[in-house]
Every structure is written in structure tokens, then in C-alpha cells.
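# Survey of secondary and tertiary structure
Listed below are the residues making up each chain.
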Amino acid sequence: MVFGGDYDTPDAICLRDYVHVVDLARKARGGAENITWRTGVFRWILGFGKGSSVLEVLRSFEKAVGQQGVHVSLVVDGRQSDDRSL
Ligand SMILES: O=c1ccn([C@@H]2O[C@H](COP(=O)(O)OP(=O)(O)O[C@H]3O[C@H](CO)[C@@H](O)[C@H](O)[C@H]3O)[C@@H](O)[C@H]2O)c(=O)[nH]1
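The sections below set out a description of the structure shown in this document. (Residues numbered from 1 in each chain as written. Predicted model: local features only at pLDDT ≥ 70, side-chain atom pairs only at ≥ 80, totals over all residues. Heavy atoms only, no water.)

### Considering the site of the ligand
Stated precisely, the cut-off is as follows: Summary of the distance rule: residues count as near a molecule or strand when at least one heavy atom falls within 4 Å of that molecule or strand. Here a polar contact means two N or O atoms within 3.5 Å. Within protein one must be a hydrogen donor candidate and the other an acceptor candidate, and residues neighboring in sequence count only if both atoms are side-chain atoms. Throughout, the ten residues Ala, Val, Leu, Ile, Met, Phe, Trp, Tyr, Cys and Pro are labelled nonpolar, Asp, Glu, Lys and Arg are labelled charged, and all others, Gly among them, are labelled polar.
In the vicinity of the ligand, the contacting residues are Met1, Val2, Phe3, Cys14, Arg16, Tyr18, Val54, Gln80 and Asp83. Take Gln80: an N or O atom from its side chain is 3.3 Å from an oxygen atom of the ligand. Contact between the ligand and Asp83: an oxygen atom at 2.4 Å from a side-chain N or O atom of the residue. Here the residues of the shell around the ligand are counted per class, giving six nonpolar, one polar and two charged.

The structure is reproduced here in C-alpha cells:
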């Protein structure tokens, strides 16, 4: 189920700045190394710097596992109440 097909985006689907879990882990480790010599509260915002729609992510998934013949059927439903696109 894709939530919302009426966003002001190229394919009308909500955008997020998705980050690969390995990149996230690397940055988290880098951040942890940094705080060993600092005090206080720190906030890091991690992003790839490019938005991708839920639809693009699903199509990329299909392509990545395409040799197994995976196809994701999509149903576009209404937006989730508090969902906002990039
Ligand atoms: O079955 C699904 C699941 C998600 N989505 C959409 O995919 C996008 C990403 O959804 P989700 O993975 O739930 O992430 P966010 O909405 O970005 O929320 C995450 O990021 C928020 C801000 O950091 C946190 O508060 C939430 O707990 C955390 O889930 C959104 O547009 C959803 O509407 C769908 O279309 N279908």
C-alpha cells in the first residue's frame, strides 16, 4: 500500500531522503568517535541529499531482485494524516 498519490512531486508520490543502513552505521560510528573528546548534546541529521519517492524505491527493489522475478503490486490509498513530503 502506498499512502497518498496526490503529492506535488514528479510522480505524485511522497518523497523521503532514504539512507542506506551501512552508510548510517558508518556515520553513527564516526559520530561516536567524535563525542569521545567533546561534551554536551549533539544532533546529526543524516541524508543522501536527494529525495526518492516510495514508488521509486519499490521499483528499485524490484530491479535489484529482478532475477527472482519479483514484482510488487501497488495499491495507492489516501495519505496518512500527518505524512509530509520533502
Ligand atoms: O506501507 C507503507 C509504509 C510507508 N509508506 C510511506 O513511506 C514513507 C516513509 O514512511 P516511514 O518509513 O513510516 O517513515 P516516516 O514517515 O519518514 O517516519 C519515520 O521518520 C519519522 C521522523 O523521523 C519518525 O517519527 C517515524 O517514527 C519514522 O517511521 C511515507 O511517505 C509513508 O507514507 C507507504 O506508502 N506505505
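So much for the structure itself; the text now carries on.
### Examining the pattern of salt bridges
Put simply, the rule reads: Any carboxyl oxygen of Asp or Glu within 4 Å of a side-chain nitrogen of Lys or Arg constitutes a salt bridge here. What counts as a helix is a DSSP run of H or I of at least four residues, what counts as a strand is a run of E of at least two, and both are numbered from the N terminus.
Applying the stated criterion across every chain yields a total of four salt bridges. With a closest N to O distance of 2.6 Å, Arg16 and Asp83 form a salt bridge. On the criterion of sequence distance, the pair formed by Arg16 in strand E2 (residues 15-16) and Asp83 in the segment after strand E4 (76-77) is long-range, its members being 67 residues apart.

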